[in-house]
Amino acid sequence: MRFPHTPDSLLPTSLSDLQELYQSVILDHNRKPRNFGVLEGSNRAADGKNPLCGDEVHVALHVDGDVITEVKFTGHGCAISKASASLMTAAVKGKTREEAETLFQRFHALVLGQDAGGGKDLGQLVVFSGVSRFPVRVKCASLAWHTLKAALDDGPTDAVPSVSTDA
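Values in this document were obtained by computation on a predicted structure and should not be read as measured data.

*Asks:* How do you make sense of the pattern of salt bridges when you look at a structure like this?
*Replies:* It is possible for side chains of opposite charge to pair when their charged atoms get near one another. Evaluated as defined, the whole model comprises 8 salt bridges. Close ionic contact of Lys 32 with Asp 28 constitutes a salt bridge, the shortest N to O distance being 3.2 Å. Since its relative accessible area comes to 53%, Lys 32 is described here as exposed. Lys 149 serves as the salt-bridge partner of Asp 153, at 2.8 Å between the closest nitrogen and oxygen. Residue Asp 153 and its partner Lys 149 are located together in helix 4 (residues 135-154), separated by 4 residues, close to a single helical turn. Judged by its relative accessible area of 23%, Lys 149 falls in the partly exposed class. The network of salt bridges with shared partners includes Asp 28, Lys 32 and Arg 34.

In structure tokens, the structure reads:
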């Protein structure tokens, strides 16, 4: 596994080192989420809820033409849910709708344990590869992504669509 811009001396050397790195990234994004806050001037938004564990997220976007120029989230939930939303916003900013959709599909396959490559080319999103071993956590990790997809699919509107992982 390659970590861009990481010297070889700092790469994980064992499975436990790798798990520790993954936990570290998730905890960091939970404590200091990126792109957290209200997005003024958004033209797409959706709300998501995971009734099983109480995670709630609001994803707001500014889409210019076909490009996601800005994305932010608000809400509360477990560390996996919050870290996933944080990493998602960083991953999709500057992407086209099609690129974001492809990333959604790849991420979803990763957390379901169905990504043949194990997420090796997904950058930091690979930290969620172990979620597939905990089926109840798949919904936590994918909530923000389903909410993003709802915001993109619904188009500009005054009514904010809602998604739930209860299905």
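*Asks:* Sorry, what's going on with empty space enclosed by the protein here?
*Replies:* Unoccupied space between atoms shows up once a probe the size of one water molecule is rolled over them. Considering all chains together, one arrives at 1 cavity of 30 Å³ or more under this definition. Reported here for the largest cavity is a volume of approximately 50 Å³. At the level of secondary structure, the elements contributing two or more residues to the lining of the largest cavity comprise strand 2 (55-64), strand 3 (67-76) and helix 2 (79-92). Here the element with the most residues in the lining of the largest cavity is strand 3; it accounts for 4 residues. In terms of residue class, the lining of the largest cavity is made up of 3 nonpolar, 5 polar and 2 charged.

*Asks:* Is there a simple way to explain the environment of Asn 50 in this structure?
*Replies:* Relative to the helices and strands, Asn 50 resides in strand 1 (residues 44-50). Asn 50 sits in the buried class, given a relative accessible area of 1%. On a C-alpha basis, the gap between Asn 50 and Thr 165 in space is 5.1 Å, while along the polypeptide they are 115 residues apart. Setting aside residues no more than four positions away along its own chain, Asn 50 makes contact with Asp 55, Lys 139, Cys 140, Leu 143 and Thr 165.

*Asks:* Sorry if this is basic, but what is going on with the packing of aromatic side chains here?
*Replies:* To describe a pair of aromatic rings, you give the distance between the ring centres and the angle between the ring planes. Considering all chains together, one arrives at 3 aromatic pairs under this definition. Between Phe 107 and Phe 128, the aromatic rings sit 5.5 Å apart at their centres with planes inclined by 75°, giving edge-to-face as the arrangement. Pair noted here: Phe 107 is in helix 3 (residues 97-111) and Phe 128 is in the loop between helix 3 and helix 4, with a separation of 21 residues, a long-range link. Accessibility expressed as a relative area gives 0% for Phe 107, which makes it buried. Arranged with centres 4.6 Å apart and planes meeting at 15°, the rings of Phe 107 and Trp 145 form a pair that is stacked. In this pair, Phe 107 is assigned in helix 3 and Trp 145 in helix 4, connecting sequence segments 38 residues apart. Just as Phe 107 is buried, Trp 145 falls in that class too. One aromatic cluster is present, formed by Phe 107, Phe 128 and Trp 145 through successive ring pairs.

*Asks:* In this structure, what is going on with the nonpolar core? I would like to understand it.
*Replies:* Side chains that are nonpolar tend, in soluble globular proteins, to be buried together. The biggest cluster of nonpolar side chains holds 39 residues, and the ones touching the most others in it are Val 59, Leu 61, Ile 68, Val 92, Leu 125, Phe 128 and Trp 145. Every element with two or more residues in this core is listed here: helix 1 (15-31), strand 2, strand 3, helix 2, helix 3 and helix 4. Setting aside its immediate chain neighbours within four residues, Val 92 contacts Ile 68, Val 71, Ala 100, Leu 103, Trp 145 and Leu 148.

Cut-offs used in this document
- Residues numbered from 1 in each chain as written.
- Predicted model: local features only at pLDDT ≥ 70, side-chain atom pairs only at ≥ 80, totals over all residues.
- Heavy atoms only, no water.
- Salt bridge = Lys/Arg side-chain N within 4 Å of Asp/Glu carboxyl O.
- Buried < 20%, exposed > 50% of the residue type's maximum accessible area, 1.4 Å probe, protein only.
- Helix = DSSP H or I, 4+ residues; strand = E, 2+ residues; numbered from the N terminus.
- 1 Å grid on protein atoms, 1.4 Å probe; cavity = no way out; pocket = protein on both sides within 12 Å on 5 of 7 lines; lining within 4 Å.
- Points joined across faces, edges and corners; volume = space filled by probe spheres on them.
- Nonpolar A, V, L, I, M, F, W, Y, C, P; charged D, E, K, R; others polar.
- Contact = heavy atoms within 4.5 Å.
- Phe/Tyr/Trp six-rings, centres within 6.5 Å; stacked < 30°, edge-to-face > 60°.
- Core = buried A, V, L, I, M, F, W, Y, C linked by side-chain atoms within 4.5 Å.

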